[in-house]
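Remarks on the overall topology
Next come the chains, spelled out residue by residue.
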Amino acid sequence: MEIYQGVNFFELPPHIYAIADNAYRVMCAEYNNHFILISGESGAGKTEASKKILQYFAVTCPTTEQLQIVRDRLLLSNPVLEAFGNAKTLRNDNSSRFGKYMDIQFDFKGAPVGGHILSYLIEKSRVVHQNNGERNFHIFYQLLEGGEDDLLRWLGLERNPQKYMYLIQGRCAKVSSINDKSDWKTVRKAFSVIDFAETDIEHLFGVIASVLHLGNIQYEEDSNGHAIITNGSQIKWISKLLGVHLSILQEALTHRKIEARSEEVLSPLNIDLAFCARDAAAKAIYGRTFTWLVNKINGSLANKDLTRKTVIGLLDIYGFEVFDTNSFEQFCINYCNEKLQQLLIEMTLKAEQEEYEMEGIEWEPIPYFNNKIICDLVEEKHKGIISILDEECLRPGEATDLSFLEKLEEKVGDHAHFLTRKLADQKTRKSIDWVDFRLLHYAGEVTYCVVGFLEKNNDLLYRNLKEVLCKSKNGIIKECFLPSELDNRRRPETVATQFKNSLGSLIEILMSKEPSYIRCIKPNEGKEPGKFDDVLIRHQVKYLGLMEHLRVRRAGFAYRRKYELFLQRYKSLCPATWPHWPGPAADGVETLIKHIGYKPEEYKLGRTKIFIRFPRTLFATEDAFEYSKHLLVTRIQARYKGCLGKREYKKQKEAAIKLEACWRGALARKEAKRRVWAVETIKRFIKGFINRKNPLCPENDEFIRFVQYTYLTKLRDHVPKNVLDKNWLKPPAILEETSEMLKKICMRNLVRQYCQGITAEKKAQLQQKVVASAIFRGKKDGYLQSISQPFADTRLSEKDINPKVLQLIRGEKIKYVTPVVKYDRNGFKARERQLLLTQAAAYVVEMAKIKQKIDYAALKGISTSNLSDGLLVVHVPEDNKQKGDVILQCEHIFETVTKLSMLANKQNAVQVVQGSLQFHISSGKEGMIAFTTGQEPQIYKAKNGRLTVVSTRTKS
């Protein structure tokens, strides 16, 4: 759809979307009405083509939320009409059994705003009879297959189609290519979108179910040979669903009301007439319900806006049909196709060639078959087949189908396109029965069986049955069968005449619009994909006259327009013709095309029209017109905006002058008042300043309050922001006491805010920092630099500790873990360890082993040097439990010592030593650590056997 939208017609390969887009764009540009005629045999794809066109308009046309509703209704009207008007035939699983012409209405913006549907000749006989291999209308099967259990129970129906006489005659209730259940859901959804009321839907399904129940009514003869109903259950359901009295309905289905002069007599029916009456009632109910359904859809599509609309019509009508047995319905359908073929010939082959001759264009005529002779055979007044059929139906006396056939032989027997067994030669006679006649249609020969022609053409319903249906409480039946019908004593028009008249009206509608054509070619007779039957297709191409159309189009001109219309549209392309051409339109067009630069082989000038041969010439002209239109619109907009601007400027200038005058007066008055007030204020303030040191009195009251206000206002912008800010705005003498009170209040407030902002974690940090300050402040290098660095909760997580160690100390909660380097007490060999601090003890850990446990209760003290090294000694008692003091080096010395001393509650046992440190090795044996400064930090065992720790001196 995106590929074809807005593209010139001949730029891309032929496509349904190209036809739709071209019709839409020409309609919008020229503001005229169009129609798209979709024709072809039954099963060639006409219905699918019309759906594709509707979908194209739905997707590509501009829309709003309100227009979206109209668009959805246009699209969803299709599945509803298909359900009630389409059926499976031998040639097509979704054959349209009615003709449909849909007008889609567009507003001036090109948006779809409404629609209207005309329906033609629904095949009512299908309701009561189907040929072998065919089905009734889809809706019956959809209702049984997809209807909810409660709905079927309320309608008195069972799911099995085999239980209903009207559904089993074709012996193919189930079809693999049709999903009745899914289609039912689509139809139910469509009802809600098309705005059907729930009561309407209930009554509609009631009508459909009553038709099925009618088909199951069976008769038998009584002793007098009269028909009586054998089983009362079906008629009870019909009585309930249609809302008619049971006994009156039963009487109407078994008796006929005869009027004899002023009397009305009920005559019992025999079995054959009773079945006919039953079937006539079923056909009438379904046929009129279908008409009601179309009118209901039209009501939902109607556009209430009375402004002028342009329309695009879509004609999707039943295709040409040839069956083994062809009856009255096939006669009407094929007559319809003959008329449409004649329309096509009139508007293309004939009209185009006649136009060239009238316009004086050099032209070699192309021969073609004109099927008007066949249309006249069917519809000619007093002589045609329809007139003869009506005559036979209306004449007094005993008229039969055979007498109708005899009349045909008598009146049209000499026609070249008519044949019966009696008129045929010896060879042909074998293929025609005694009750048949044959017509040579444009699409080929079709043999019709006249049996049932008169009955179907009359389509009569007994008066007493009409009376019963007029009294129905079902809303739809009440609308379809009006009591006024009973008062009308005139015989209604026959079906064939009604169809001929409605077809004539349709042709008039189509002739008033610009045409576009889609010819559907059936690829094979077997409904198979991917199969291309050359013989079948050649036959269709031949009888449709496609080759003749092609020759006319190739030899002819792609575009033709009257001089006045062409000049009116394209005059802006030439300075000489814009804005008005003073002379004849033909001279104007000639001047215009010379200016544009048409070559002689690209066009011809007729008596009243210009003919353009090539599409590319027209496209180039159209593109130039679009460009010039934008330029013209820009100039018009500029002029109009300039005019509006000048008008607005003058208006604003006058208003500004008035406002300025009024405003200057107001300002002058205001200025005079302000000066008086200023003088009085200055006087008061001078008096106040003179008396500022006196007690509060009327002379200085205002001045003092102003001084107070000014000071407090300034103070508001100079209040200290934190407890460390000691600045305070100097007060005037009269506010010194007040200022001091405010200062105290402010400081208290800042302190309270600061205290409230301290979290539990921060409080613990501060407590640790206080302990660290008490231990190290002024004693150890590097302490001042560590103050700004917060202590961590731990330097290693539990993931970094061996699980076996965690298992050994599982009863104790770990408070702090840090990596350390342990130095042996004898050889001072460095070993990497972990220091674990729990609530009760300190552990020195190597991988999965606890090397030393120090209970906090047994801890004697902690020693560290005054230099910047990270060495600490943990002193333990001299007993067998402990191996001796622990010498450790860690990166975070202040943090580790503080946490250890706090957990052991031995803050006072921490010593910061200078020079050297003595430690306990084992019982009775002491060691010494020497601390000194140097260029680079290092720890080594000196020659004297002591551990020497060298640190760099930090800058204070």
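These lines cover the structure that appears in this document, whether it is placed above or below. (Residues numbered from 1 in each chain as written. Predicted model: local features only at pLDDT ≥ 70, side-chain atom pairs only at ≥ 80, totals over all residues. Heavy atoms only, no water.)

Remarks on the overall build of the protein chain
The following threshold applies: Helix numbering and strand numbering both begin at the N terminus, where a helix is a DSSP run of H or I of at least 4 residues and a strand a DSSP run of E of at least 2. Only C-alpha atoms enter the radius of gyration; for comparison, a globular chain is expected to reach 2.2 Å times N to the power 0.38, where N is the number of residues. Each residue's exposure class comes from its accessible area (1.4 Å probe, protein chains only) as a fraction of the maximum for that residue type: buried when under 20%, exposed when over 50%, partly exposed otherwise. Residue contacts follow a heavy-atom distance rule, with two residues in contact if any of their heavy atoms lie within 4.5 Å. Surface exposure here means Shrake-Rupley accessible area, sampled with a 1.4 Å probe, where a residue is shielded only by the protein chains that are shown. Charge assignment in this entry is limited to Lys and Arg as positive and Asp and Glu as negative, and neither His nor the chain termini are counted. Charged side chains are reduced to one point each, which is NZ for Lys, CZ for Arg, CG for Asp and CD for Glu.
If you tally the helices and strands in the protein chain, you get 33 helices and 29 strands. Relative to the globule expectation of 30 Å for 956 residues, the C-alpha radius of gyration of the protein chain, 54 Å, shows a markedly less compact shape. Its C-alpha atoms give the protein chain principal-axis dimensions of roughly 150 × 90 × 70 Å. In the protein chain, which comprises 956 residues, the share counted as buried stands at 47%. Sequence-distant contacts in the protein chain: of pairs separated by 6 or more residues, those separated by 24 or more amount to 62%. For the protein chain, the exposed area adds up to about 51,700 Å²; of that, 53% sits on carbon and sulfur atoms. On the protein chain, the mean spot of the 143 positive side-chain charges and the mean spot of the 117 negative ones are 14 Å from each other.

Quick notes on the sheet that holds strand β10 (residues 310–316)
Rule in force here: Two strands form a pair only when DSSP identifies at least two bridges running between them. Structural elements are reduced to axes, namely lines fitted to C-alpha atoms, with helices fitted over the stretch in contact, and the angle between N-to-C directions of any two is expressed from 0 to 180 degrees.
If you trace the five strands from one edge of the open sheet to the other, you get β5-β4-β10-β1-β14, paired in mixed fashion. Single-partner strands in this sheet number two, and they are β5 (112–120) and β14 (514–520). On average, each strand axis in the sheet is tilted by 15° relative to the strand beside it, whichever way the strands run. Running over the sheet, helix α22 (residues 495–511) touches β1 (34–40), β4 (99–106), β5 and β10 and is turned about 145° from β5.

Notes on a positive patch on the surface
For the record, the criterion: Each patch is assembled from residues with relative accessible area greater than 30% and no salt bridge, linking like charges that lie within 9 Å and nonpolar side chains (Val, Leu, Ile, Met, Phe, Trp, Tyr) that lie within 5 Å. A pairing counts as a salt bridge when a side-chain nitrogen of Lys or Arg comes within 4 Å of a carboxyl oxygen of Asp or Glu.
A cluster of like positive charges, contributed by Arg 635, Arg 639, Lys 646 and Lys 650, occupies part of the molecular surface. Summarising the element assignment, Lys 646 is placed in helix α27 (residues 615–690). A relative accessible area of 60% means that Lys 646 is categorised as exposed.

Examining the sheet that holds strand β28 (residues 938–941)
Read across the open sheet, the four strands follow the order β26-β27-β29-β28; overall the sheet is mixed. Each edge of the open sheet is held by one strand with a lone partner, namely β26 (916–922) and β28. The sheet shows a mean angle of 20° between the axes of neighbouring strands, taken without regard to direction. Pairing of β26 with strand β27 (residues 925–933) involves six bridges; the strand directions are antiparallel. Among the inter-strand pairings, Leu 917 is bridged to a residue of β27, identified as Ile 929.

Looking at the side chain of Thr 898
How we decide: Distance and chemistry together define a polar contact, namely a pair of N or O atoms within 3.5 Å, with one atom able to donate a hydrogen and the other to accept it when in protein, and with adjacent residues in sequence counting only for side-chain atoms on both sides.
With respect to the helices and strands, Thr 898 occurs in helix α33 (residues 893–904). Looking at Thr 898, its side chain comes within polar contact range of the main-chain oxygen of Phe 894, at 2.6 Å. What Thr 898 contacts, discounting residues up to four positions off in sequence, is Gln 768, Val 771, Ala 772, Phe 776 and Phe 791.

Some remarks on helix α30 (residues 760–776)
So the rule is basically this: By this rule, a helix spans an expected 1.5 Å times one less than how many residues it contains.
Here α30 is 17 residues long and its end C-alpha atoms lie 24 Å apart, about the 24 Å a rise of 1.5 Å per residue gives. For α30, the set of buried residues is Gln 765, Gln 768, Lys 769, Val 771, Ala 772, Ser 773, Ile 775 and Phe 776.

Quick look at the nonpolar core
Note the following rule: We define a nonpolar core as any set of buried Ala, Val, Leu, Ile, Met, Phe, Trp, Tyr and Cys residues linked to one another through side-chain atoms lying within 4.5 Å.
With 105 residues, the main nonpolar core has Phe 57, Phe 84, Phe 140 and Phe 191 as its most contacted residues. For this core, the element with the most residues is helix α12 (residues 271–301), which contributes 15 residues. When near neighbours in sequence (up to four residues on either side) are disregarded, Phe 57 contacts Ala 20, Tyr 24, Ile 104, Phe 106 and Ile 312. Core analysis: the second largest hydrophobic core is formed by 47 residues, Ile 333, Leu 439, Leu 454 and Tyr 543 among them.

Observations concerning helix α19 (residues 463–470)
The element α19 is largely enclosed, with a buried count of seven among its eight residues. Looking only at α19, the buried set comprises Asn 464, Leu 465, Lys 466, Glu 467, Val 468, Leu 469 and Cys 470.

Some details on the pattern of salt bridges
According to the stated counting rule, one finds 46 salt bridges in the structure shown. The salt bridge partner of Asp 200 is Lys 296, with a shortest N-O separation of 3.0 Å. Of this pair, Asp 200 sits in helix α9 (residues 198–215) while Lys 296 is found in helix α12, placing the two residues 96 residues apart along the sequence. In this structure Asp 200 comes out as buried when scored by relative accessible area, which is 14%.

Things to note about the packing of helix α5 (residues 138–146) against helix α8 (residues 180–193)
The relative placement of two packed helices comes down to the angle between their axes together with the axis-to-axis distance. Note the cut-off: Each angle receives one of four descriptions, namely roughly parallel if under 35 degrees, roughly antiparallel if over 145, roughly perpendicular if within 65 to 115, and oblique otherwise. Gly falls in the polar group here, along with every residue not listed as nonpolar (Ala, Val, Leu, Ile, Met, Phe, Trp, Tyr, Cys, Pro) or charged (Asp, Glu, Lys, Arg).
Interhelical geometry of α5 versus α8 gives an angle of 100° and a closest axis separation of 8 Å. In terms of axis orientation, α5 runs roughly perpendicular to α8. Counting all contacts with α5, which are made through Ile 139, Tyr 141, Gln 142, Leu 143, Glu 145 and Gly 146, the residues of α8 involved are Asp 180, Lys 181, Asp 183, Trp 184 and Val 187. For the contact of α5 with α8, the per-class residue count stands at five nonpolar, two polar and four charged.

Side note on a nonpolar patch on the surface
Taken together, the side chains of Ile 682, Ile 686, Phe 689 and Ile 690 present a nonpolar region at the surface, about 420 Å² in accessible area. Checked against the element boundaries, Ile 690 lands in helix α27.

Some remarks on the packing of aromatic side chains
Selection criterion: Pairing of aromatic rings covers Phe, Tyr and Trp, the last through its six-membered ring, and needs centres within 6.5 Å; plane angles under 30 degrees mean stacked, over 60 mean edge-to-face, and all others mean tilted.
A complete count under the given rule lists 32 aromatic pairs for this structure. Ring geometry for Phe 98 against Phe 290: centres 4.9 Å apart, planes inclined by 65°, an arrangement best described as edge-to-face. Taken together, the positions of Phe 98 in the loop between β3 (95–96) and β4 and Phe 290 in helix α12 put the pair 192 residues apart, joining distant regions of the chain. Comparing Phe 98 with Phe 290, the two get one shared label, buried.

Observations concerning the packing of α9 against helix α10 (residues 232–242)
Counted only if it meets this: Note on convention: the crossing is left-handed when the near helix lies turned anticlockwise from the far helix by less than a right angle, right-handed when the turn is clockwise.
Between α9 and α10, whose axes approach to 9 Å, the crossing angle comes to 160°. Considering the angle they form, α9 stands roughly antiparallel to α10. Considering the relative orientation of α9 and α10, their crossing is left-handed. Packed against α9, whose contacting residues are Gly 206, Val 207, Ala 209, Ser 210, His 213 and Leu 214, the element α10 presents Gln 234, Trp 237, Ile 238, Leu 241 and Leu 242 at the interface.

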